[in-house]
Amino acid sequence: MDSYSVRMRAAAGGAHEAGGRHISGGERLIGAEELEATVQKLLRRALTHELGQPDFVNLTVEKVDSADITQLQALPVIQREVHSVCEGHAAAVELLLQAGVALSAAQKAVALLVHGPAPDGGVMRGAVVMDADTGARLESDPARGVRVTQLDWTPQALEGWKQRVMPLGIANERVAEALALATKVTAVAGTVAELCWSDDPSYVGGYVAAKSIGYVRIPQLKELGSPLGGRVFFVRGIRNVQEYEAALQAPVLILEQTEQRGEQA
Ligand code: AMP
């Protein structure tokens, strides 16, 4: 059976490659029967995003051989309670240390997302790749960052996961997409941990994820109204960054997590 990768990116003030400001993006990996509805949904996301009206939308549809798809079990979700942005940042640094990131690199990554990780201080459409020991930035395109593509939940796994985490109040598309991405990124050889918070002005939450600690959701990592955010992938021992970035593009489907260490509030 064939699957399809659907990718969307939207920008204002011209295309991304012409210096336009990133508005929104989306990555799906679906069966043929979901193709039309998915394209429509991603287009709607692009046209109704709270960061503004795009004047450039790129939608790409590519067939993917199902035999090439790797299946991964979703990371367990843990919620970390914090009462301020400052506490949120301290929790993020503490979790990154726990996952094996050096203190200076963890602190540098938090500061980078606070000020905007792009060279002009704005947001990137992809992620920063950071050396987990030295804090050096390694991504091959520091203005764009690296995008994780070709990933999704199986429809059954997504439904099952939503039912299970309903009592935690996180059974929504945003957390599901972020959990799928974090599961894929932390499974790629060389990844030590990931730090993320959204650039959506109305969404102040984010997470630290690593294989060893799971997906730890932190409800407050920025002030309401801030249009800044991003992602940092901490790496160690990669042979070269191009190979690492290529592995982030390999097709992956997420299955429900069946291990005993489950979600906790
Ligand atoms: P979001 O959680 O969608 O608000 O995204 C927050 C930030 O994460 C964006 O500004 C991008 O820098 C980055 N990002 C979003 N989607 C991806 C992706 N598929 N791959 C890599 N980075 C991403």
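Located above this text is the structure these notes cover.
Since the structure is predicted, the reported quantities are computational estimates derived from the model, not experimental observations. (Residues numbered from 1 in each chain as written. Predicted model: local features only at pLDDT ≥ 70, side-chain atom pairs only at ≥ 80, totals over all residues. Heavy atoms only, no water.)

**A closer look at the overall build of the chain**
Okay, step 1: Looking only at helices and strands, one finds 6 helices and 12 strands in the chain.
Okay, step 2: With respect to the three principal axes, the spread of C-alpha positions in the chain is 45 × 45 × 40 Å.
Okay, step 3: For the chain, with 265 residues in total, the buried portion stands at 53%.
Okay, step 4: Long-range pairs, those at least 24 residues apart, make up 72% of the contacts in the chain between residues at least 6 apart in sequence.
Okay, step 5: Taken as a whole, the chain presents about 11800 Å² of accessible surface, with 52% of it coming from carbon and sulfur. (Helix = DSSP H or I, 4+ residues; strand = E, 2+ residues; numbered from the N terminus. Buried < 20%, exposed > 50% of the residue type's maximum accessible area, 1.4 Å probe, protein only. Contact = heavy atoms within 4.5 Å. Areas by Shrake-Rupley, 256 points an atom, 1.4 Å probe, with all protein chains shown as cover.)

**Quick look at the site of the ligand**
Okay, step 1: Taken together, the neighbourhood of the ligand is formed by 14 residues, with Met124, Gly126, Val148, Ser198 and Asp199 sitting nearest.
Okay, step 2: The contact in question runs from an oxygen atom of the ligand to an N or O atom on the side chain of aspartate 199, over 2.5 Å.
Okay, step 3: In the complex, 85% of the free accessible area of the ligand, which totals 490 Å², lies under the protein chains.
Okay, step 4: Tallied by class, residues from the shell around the ligand come to 6 nonpolar, 3 polar and 5 charged. (Near = heavy atom within 4 Å. Polar contact = N/O pair within 3.5 Å; in protein donor to acceptor, adjacent residues only side chain to side chain. Nonpolar A, V, L, I, M, F, W, Y, C, P; charged D, E, K, R; others polar.)

**Comments concerning the pattern of salt bridges**
Any two side chains of opposite charge can pair if their charged atoms end up close together.
Okay, step 1: Scanning the model with the defined rule gives 14 salt bridges in all.
Okay, step 2: In this structure, a network of salt bridges that share partners links the residues Lys41, Arg45, Glu173 and Glu177. (Salt bridge = Lys/Arg side-chain N within 4 Å of Asp/Glu carboxyl O.)

**Here's the deal with the sheet that holds strand S11 (residues 230-235)**
Okay, step 1: Taken in spatial order, the 6 strands line up as S5-S10-S9-S8-S11-S6 in an open sheet, and their pairing is mixed. Each of the sheet's edge strands pairs with one partner strand only, and the pair in question is strand S5 (77-79) and strand S6 (128-131). The sheet shows a mean angle of 20° between the axes of neighbouring strands, direction not considered.
Okay, step 2: Pairing geometry for strand S9 (residues 206-210) and strand S10 (residues 214-218), over 5 bridges, is antiparallel. Each residue of the ladder has a partner; that of tyrosine 207, found in S10, is arginine 217.
Okay, step 3: Where helix H2 (residues 85-99) meets the sheet, its contacts fall on strand S8 (191-197), S9, S10 and S11, and the angle it forms with S8 comes to roughly 170°. (Pairing = 2+ DSSP bridges. Axes fitted to C-alpha atoms, helices over the stretch in contact; angles between N-to-C directions.)

**Notes on helix H4 (residues 155-165)**
Okay, step 1: Among the residues of H4, Ala157, Trp161 and Val165 are the ones counted as buried. Buried residues of H4, seen end-on, are gathered within an arc of 50° and therefore sit on one face of the element.
Okay, step 2: Its buried side turned inward, H4 meets S5, strand S7 (151-153), helix H5 (173-187) and strand S12 (252-255). (Arc of directions from axis to C-beta.)

**Thoughts on the nonpolar core**
Okay, step 1: Membership of the largest hydrophobic core comes to 35 residues, with the highest contact counts inside it found for Trp153, Trp161, Tyr215 and Phe233.
Okay, step 2: Take this core: its biggest share by element is 8 residues, from H5.
Okay, step 3: Those residues in contact with phenylalanine 233 that sit more than four places away from it in its chain are Ala127, Val128, Val129, Met130, Val146, Val148, Leu181, Val185, Ala193, Glu194, Tyr244 and Leu248. (Core = buried A, V, L, I, M, F, W, Y, C linked by side-chain atoms within 4.5 Å.)

**What about the packing of H2 against helix H3 (residues 103-115)?**
Okay, step 1: Two elements in contact, H2 and H3, have axes separated by 9 Å at closest approach and are oriented at 140°. With respect to each other, H2 and H3 are oriented oblique. Every pair of crossing elements has a handedness; the one defined by H2 and H3 is right-handed. Facing His89, Val93, Leu96 and Leu97 of H2, the residues of H3 in contact are Leu103, Ala106, Gln107, Val110 and Val114. (Parallel < 35°, antiparallel > 145°, perpendicular 65-115°, else oblique. Left-handed = near helix turned anticlockwise from the far one by under 90°.)

**Side note on helix H1 (residues 35-47)**
Okay, step 1: Over its 13 residues, H1 extends 19 Å from the first C-alpha to the last, a length consistent with the 18 Å expected when each residue adds 1.5 Å.
Okay, step 2: The complete set of buried residues in H1 reads Leu35, Thr38, Leu42 and Ala46. Down the axis of H1, the buried side of the element spans an arc of 75°, and every buried residue falls inside it. Among the exposed residues of H1, those pointing more than 90 degrees away from its buried face are Glu36, Ala37, Gln40 and Arg44. (Expected span 1.5 Å × (residues − 1).)

**Remarks on the environment of alanine 132**
Okay, step 1: Position of alanine 132 relative to the elements: it lies in the loop between S6 and S7.
Okay, step 2: Take alanine 132: its relative accessible area is 0%, and that puts it in the buried class.
Okay, step 3: On a C-alpha basis, the gap between alanine 132 and threonine 154 in space is 32 Å, while along the polypeptide they are 22 residues apart.
Okay, step 4: Here alanine 132 is in contact with Val101, Ala102, Ala105, Val192, Phe234, Val235 and Arg236, once residues within four sequence places are set aside.

**What about the sheet that holds strand S1 (residues 2-12)?**
Okay, step 1: The antiparallel open sheet is built from 3 strands, whose spatial order is S2-S1-S3. Each edge of the sheet is formed by a strand with only one pairing partner; in this case those strands are strand S2 (21-31) and strand S3 (56-65). Sheet twist, expressed as the mean angle between neighbouring strand axes with direction ignored, is 10°.
Okay, step 2: Relative to S3, S1 is paired through 10 bridges, and the arrangement is antiparallel. Considered in S3, the bridge of arginine 7 is made with threonine 60.
Okay, step 3: Lying on the sheet, H1 is in contact with S1, S2 and S3; it crosses S2 at an angle near 165°.

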